[in-house]
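So the chains spell out like this:
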Amino acid sequence: MNGVHRSQANVSLDVAPVRRYADDVIVMSRPIEDVRQMLAQTPRIVEGLIAAAPAEALTFREADGAWHIVEVLSHIADAEITDWMPRLERILSDGGRFMPFDREGGLTRYRGWTAEALVGEFGQLRRANLEKLESFRLSDLHRQMTGVHPEFGEVTLDQLLACWATHDAAHIAQISRLLTRAFGRRVGPWRKYFSLLQEGRS
Ligand code: NI
């Protein structure tokens, strides 16, 4: 009996990695669509996080010189204008050199804007960019097309699209972290249970 159980265990161990590999292949076969889905969801995720934020949390800074939530919003809205789409169009047109992206540019462009107005602006710009992205009818054949990044040199369209989605997720995490830390100022002794509330954690 023991021998039978062992051999059944062996069979399932043999099969499991193959099934996981098959799942990976399915996911990997639609990278452009996966990015598009993420890009489409981000405005409503951000909108929900902002709607839940008390006014004082919107301008809470976790460190001297670090961005507060309103500044993060101005940065992601500005990137819709000056970063992602111009670079994508550059790759699709002549594969030339990208303009440098000014990470602080949004702070100037949107000085004085409220969080609510910035969320609306970001959503509108993102919708327009998604429509443009759709119009390019990108296929797997486009993924290896390249442009020239001012710092990294040659980068592919695939990397740029992945970076766009990654950038969304990273700033969602940042906004969530800032809310954690803003509310977290009042938790008293519970502070010890939150790694984000420990000194020196980022
Ligand atoms: Ni950023």
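### Topic: helix 5 (residues 84-93)
Line of reasoning, step 1. Buried within helix 5 we find Trp84, Arg87, Leu88 and Ile91. One side of helix 5 holds all its buried residues, which, seen down the axis, span an arc of 100°. Exposed residues on helix 5 whose side chains face more than 90 degrees from its buried face are Pro86 and Ser93.
Line of reasoning, step 2. Contacts made by the buried residues of helix 5 are with helix 4 (69-82), helix 7 (115-135), strand 1 (146-149) and helix 8 (157-184).
Line of reasoning, step 3. A positive phi of about 70° marks glycine 95, the residue just after helix 5.

### Focus on the packing of helix 4 against helix 8
Line of reasoning, step 1. Relative orientation of the contacting elements helix 4 and helix 8 amounts to 170°, with a least axis distance of 10 Å. One element, helix 4, and the other, helix 8, form an angle in the roughly antiparallel class. Every residue of helix 8 that contacts helix 4 at Ile69, Val72 and Ile76 is listed here: His171, Gln174, Ile175 and Leu178.
Line of reasoning, step 2. When its residues are assigned to classes, the contact of helix 4 with helix 8 shows five nonpolar, two polar and no charged.

### As for the packing of helix 2 (residues 31-51) against helix 7
Line of reasoning, step 1. The contact between helix 2 and helix 7 brings their axes to 10 Å, and the two run at 170°. By the angle class used here, helix 2 and helix 7 are roughly antiparallel. Judged by residue contacts, Arg36, Leu39, Ala40, Thr42, Pro43, Val46, Glu47 and Ile50 of helix 2 engage Ala115, Val119, Phe122, Gly123, Arg126, Leu130 and Leu133 from helix 7.

### A closer look at unusual backbone geometry
Line of reasoning, step 1. Although it is not a glycine, arginine 137 sits at a positive phi angle of roughly 50°.
Line of reasoning, step 2. Within the secondary structure, arginine 137 is located in the loop between helix 7 and strand 1.

### Structural notes on the environment of arginine 191
Line of reasoning, step 1. With respect to the secondary-structure elements, arginine 191 resides in the segment after helix 8.
Line of reasoning, step 2. For arginine 191, a count of 13 C-beta atoms within 10 Å corresponds to the partly exposed category.
Line of reasoning, step 3. Sequence-distant contacts of arginine 191, that is, excluding residues within four places in its chain, are made with Gly184 and Leu197.

Rules of the game
Each chain has its residues counted from 1, running along the sequence as written. Thresholds applied to this predicted model are a pLDDT of at least 70 for local features of residues and 80 or more for the giving and counting of side-chain atom pairs; totals over whole chains, interfaces and linings are not thresholded and use all residues. Working definition of burial: number of other C-beta atoms within 10 Å of the residue's own, with buried at 20 or more, exposed at 12 or fewer, and partly exposed in between, all C-beta atoms being placed from the backbone. Secondary structure counts use DSSP, requiring at least four H or I residues in a row for a helix and at least two E residues in a row for a strand, with both numbered from the N terminus. What the arc measures is the spread of directions leading from the helix axis to the C-beta atoms. Residues are defined as contacting one another if the C-beta atoms placed from their backbone atoms lie within 7 Å. Here an axis means a line fitted to C-alpha atoms, over the contact stretch when the element is a helix, while the angle between two N-to-C directions is reported on a 0 to 180 degree scale. Any angle from 65 to 115 degrees is called roughly perpendicular, while one under 35 is roughly parallel, one over 145 is roughly antiparallel, and all others are oblique. Think of it as three bins: nonpolar holds Ala, Val, Leu, Ile, Met, Phe, Trp, Tyr, Cys and Pro, charged holds Asp, Glu, Lys and Arg, and polar takes everything else, Gly as well.

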